[in-house]
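# Commentary on secondary and tertiary structure
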Amino acid sequence: MARVLINVPAKAARGHVIEIKTLISHPMETGYRPDHTGKLVPRDIINRFVCAYNGTEVFRADLHPAIAANPFISFYTVATESGVLTFTWTGDDGKSFVEKANITVA
Amino acid sequence: MEPKANVATTRRRFLAVAGGAIGALGTAQFLTVRPAAATPASMAAAIREAIGEAQVRPGKVKLDLPPLVENGNTVPLTITVDSPMTAANHVRRVHIFNEKNPEPSIVTFHLGPRSGRASISTRIRLADTQSVVAIAELSDGSFWSDSVDVIVTIAACTEEAK
Amino acid sequence: MAAASASEIPLKERKSGYDLMSRDTQAMQDDRASNPGTLWVLEGEAMWSQNAGAAGKSCAGCHGNARTSMKGVAARYPAYNAALHRPINLEQRINLCRTERQRATPFSYEGKELLALAAFVATQSRGRKIAPPADKRLAPFRDNGRDLFNLRQGQLNLSCAQCHNDNWGRKLSGAVIPQAHPTGYPLYRLEWQSLGSLQRRLRNCLIGMRAEPFEYGAPEYVALELYLMSRARGMRIETPAVRP
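Residues numbered from 1 in each chain as written. Chains lettered and ligands numbered in written order. Predicted model: local features only at pLDDT ≥ 70, side-chain atom pairs only at ≥ 80, totals over all residues.

## Brief notes about the overall build of chain B
Along its length, chain B carries 1 helix and 9 strands. Along chain B, helices (α) and strands (β) appear in the sequence α-β-β-β-β-β-β-β-β-β when read from the amino end. Of all 162 residues assigned to chain B, the portion counted as buried reaches 42%. Considering only intrachain contacts with a sequence separation of at least 6, the fraction spanning at least 24 residues in chain B is 67%. (Helix = DSSP H or I, 4+ residues; strand = E, 2+ residues; numbered from the N terminus. Buried ≥ 20, exposed ≤ 12 C-beta atoms within 10 Å, placed from the backbone. Contact = placed C-beta atoms within 7 Å.)

## Some thoughts on the packing of helix α5 (residues 90–101) of chain C against helix α6 (residues 112–123) of chain C
All names here are of chain C. At a minimum axis distance of 10 Å, the contact between α5 and α6 shows a crossing angle of 110 degrees. When the axis of α5 is compared with that of α6, the two are roughly perpendicular. As α5 runs across α6, the sense of the crossing is right-handed. Of the residues in α6, those touching α5 at L90, E91 and I94 are L114, L117, A118, V121 and A122. (Axes fitted to C-alpha atoms, helices over the stretch in contact; angles between N-to-C directions. Parallel < 35°, antiparallel > 145°, perpendicular 65-115°, else oblique. Left-handed = near helix turned anticlockwise from the far one by under 90°.)

## Comments concerning the sheet that holds strand β7 (residues 119–124) of chain B
The strands that make up a sheet pair up through hydrogen bonds in the backbone, lying either parallel or antiparallel. Spatially, β1(A)-β3(A)-β6(A)-β7(B)-β4(B)-β2(B) is the arrangement adopted by the 6 strands of the open sheet, whose pairing is antiparallel. Every other strand in the sheet has two partners, leaving β1 (4–7) of chain A together with β2 (61–64) of chain B as the edge strands with one partner each. Averaged over all adjacent pairs, the angle separating strand axes in this sheet is 15 degrees, with direction ignored. Note: β1 of chain A against strand β3 (residues 17–24) of chain A, 4 bridges, orientation antiparallel. Of the residues in β3 of chain A, the one forming a bridge with V4 of chain A is I24 of chain A. (Pairing = 2+ DSSP bridges.)

## Quick look at α6 of chain C
Residues and elements named next belong to chain C. Compared with an ideal rise of 1.5 Å per residue, which puts 12 residues at 16 Å, α6 spans 16 Å between its outermost C-alpha atoms and is within 8% of the ideal. Burial runs high along α6: 10 of the 12 residues are buried. Of all the positions in α6, only L114, L115, A116, L117, A118, A119, F120, V121, A122 and T123 are classed as buried. Tucked into the core, α6 has its buried residues touching α2 (37–48), α4 (66–69), α5 and β6 (194–196). (Expected span 1.5 Å × (residues − 1).)

## A word on the sheet that holds strand β5 (residues 187–189) of chain C
All names here are of chain C. Strand order across the open sheet formed by 3 strands is β6-β5-β7, with mixed pairing between neighbours. In this open sheet, the two edge strands, each paired with only one partner strand, are β6 and β7 (242–243). Here β5 pairs with β6 via 3 bridges, running antiparallel. Its bridge partner lying in β6, Y188 is registered against L195.

## With respect to the interface of chain B and chain A
The interface of chain B with chain A comprises 32 residues on the first partner and 25 residues on the second. Counting only elements with at least two residues in the side of chain B that touches chain A, the list comes to β6 (105–110) and β7 of chain B. When its residues are assigned to classes, the side of chain B that touches chain A shows 11 nonpolar, 13 polar and 8 charged. Inspection of the sheet shows strand β5 (residues 56–63) of chain A paired to β6 of chain B by 4 bridges, in the antiparallel sense. (Nonpolar A, V, L, I, M, F, W, Y, C, P; charged D, E, K, R; others polar.)

## Things to note about the interface of chain C and chain A
A common way to state how big an interface is: give the accessible area lost once the parts meet. Contacts between the two partners involve 8 residues from chain C, matched on the other side by 9 residues from chain A. Here the side of chain C that touches chain A is composed, by residue class, of 4 nonpolar, 3 polar and 1 charged.

## Some thoughts on the nonpolar core
By size, the foremost hydrophobic cluster in this structure holds 115 residues, and its most contacted members are A134 and A136 of chain B together with A118, A119 and V121 of chain C. Looking at which domains feed residues into this core, each of domain 1 (11–32 + 133–243) and domain 2 (38–123) of chain C gives three or more. When neighbours within four sequence positions are excluded, A118 of chain C is seen to be in contact with L90, E91, I94, P186 and S197 of chain C. (Core = buried A, V, L, I, M, F, W, Y, C linked by C-beta atoms within 7 Å. Domains from an automatic or database assignment.)

## Details of unusual backbone geometry
The omega angle of the peptide bond from Y77 of chain C to P78 of chain C is 0 degrees, so this bond is cis rather than trans. One can find P78 of chain C in the loop between α4 and β1 (79–81). Following Y185 of chain C, the chain continues to P186 of chain C via a peptide bond in cis, the omega torsion being -15 degrees. Backbone geometry at N70 of chain A places phi at a positive 55 degrees, although glycine is not the residue there. Here N70 of chain A is to be found in the loop between β5 and β6 (72–78). The backbone of N157 of chain C shows a phi angle near 55 degrees, a positive value even though the residue is not glycine. Within the secondary structure, N157 of chain C sits in the loop between α7 (139–150) and α8 (160–164). Overall, the presence of 12 C-beta atoms within 10 Å leaves N157 of chain C in the exposed class.

## Some words on the packing of α7 of chain C against helix α10 (residues 219–231) of chain C
Residues and elements named next belong to chain C. Here α7 crosses α10 at 90 degrees, and the two axes come no closer than 7 Å. It follows from the interaxial angle that α7 and α10 lie roughly perpendicular. Every residue of α10 that contacts α7 at F141, R142, N144, G145, R146, L148 and F149 is listed here: E220, A223, L224, L226, Y227 and S230.

## Details of the pairing of strand β5 (residues 91–98) of chain B
All names here are of chain B. Of all 8 residues in β5, 6 are buried, a share of seventy percent or more. Two elements, β5 and strand β8 (residues 130–138), share 7 bridges in a ladder whose sense is antiparallel. When the sheet's bridge partners are listed, H95 is paired in β8 with I135. The sheet contact formed by β5 and β6 spans 5 bridges and is antiparallel. What sits directly across from H95, in β6, is T108. The turn linking β5 back onto β6 is made up of 6 residues.

## Focus on the environment of K11 of chain A
Residues and elements named next belong to chain A. Turning to its location among the elements, K11 is positioned in strand β2 (residues 11–12). Along the primary structure K11 and T56 are separated by 45 residues, whereas in three dimensions their C-alpha atoms are 19 Å apart. K11 has contacts with T104 and A106, leaving out every residue within four places of it along the chain.

## Here we look at the confidence of the model for chain B
All names here are of chain B. The share of residues in chain B with pLDDT of 70 or more is 72%, and the mean pLDDT across the chain is 80. Here residues 1–34 scores under 50 on pLDDT; set against residues more than four positions off or in separate chains, the count is 27 contacts. Interface confidence for the predicted complex, given as ipTM, is 0.97, next to a pTM of 0.88. (pLDDT = per-residue confidence, 0-100.)

What follows is the structure, encoded as structure tokens:
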């Protein structure tokens, strides 16, 4: 069960540019690390992160193993309207972690 | 988390598996498969694959990395592109590459007019002292870049693999 | 290198490892929204309210709101445990609650659960001064810890004091040697890419010195921790800290 921390302002003025910070617990196993027997631990990373604003994608990141463990991504978006921001992290196994945050835009 | 193996500092060896070289010709050898390190050549190839043959100009892009890194496992990075981020003039994508990690690509960010500001922060891994390159693709089809040299030190008193 | 019988750092000259690290790493620690240790604190916060064990109790069931009840606790640990006739550290205290009060299996050392709960409890003391209890029963254990700190050991015949009292601030293979004050444990060490305990860090040191590391939970670690916390008295808790 991945732990997620999202920092989004609860309220924003319409048209203002807001900063969103995201942090998720994940080892981001590169596939290049040997275990104690010398065998390489298989790759297991989050390879995609998407932020959607009331259903419209406003930010996306394609991640490679060089992104550090417990990925931190912060970015900006325009506060266009009240609603829901949906954050989706997708792993190599196709499984997704989804978190939502409400925003009130006046 | 199990400790990471020390990455060789001069890992320029890589398997050259060119198209015609695989085959029954030559002596049967067992090749030790080592993780290929990115080289300036493979980074150039990764850049070409990402952006085609477009000309890339230095400018507009600011890649912020500490010049001296305390631990290559977690290196804070901020990428900023000078752009009004309007519908008519905005950043579409930002690619970040490196020279000496096992893979040349680090991340690609997709932006647009709804971004408001082309500024992203994240944390990356750097296996060794090397160059990191950022390339931004603008809505007018132009490409701009910045590059930073980073010195990577290793921790003392680490765990050994059990 | 100075002589083996090194003296303690004068109280006024003490610095946290925080002061010796880069601005970027400091920023990572300062900003809760980007401090990776926060992920474990959140995990611990969730666990605090979960019923566990045959007794079906949660931490909250006895201790209520951790923000109030756990304030200052980490700042005065390790503490003497009368039943065991020895000091115990925070992780051991959590496991005692686990086994005796909740009647659940103890968490394994360095496992996610124990780290998360320890981080959640310790962070309630963030910003507070380390205040070792004035408990005479702790004295012989603290002295034992001090002796361990000053003991030359391992293949390199080094003592903790030689690096951390005599040569702090200097570089050891590219890294700055800190004074070794455990102000921020459990902490996120960039080298581990994970949160980890003081015991894990002490094991790293012992292995680095080419000495035999004690087993997790060994009384030597608690004695060392007791001494180190006494040595760090008055310095502020930083949990969850970030360190290279």
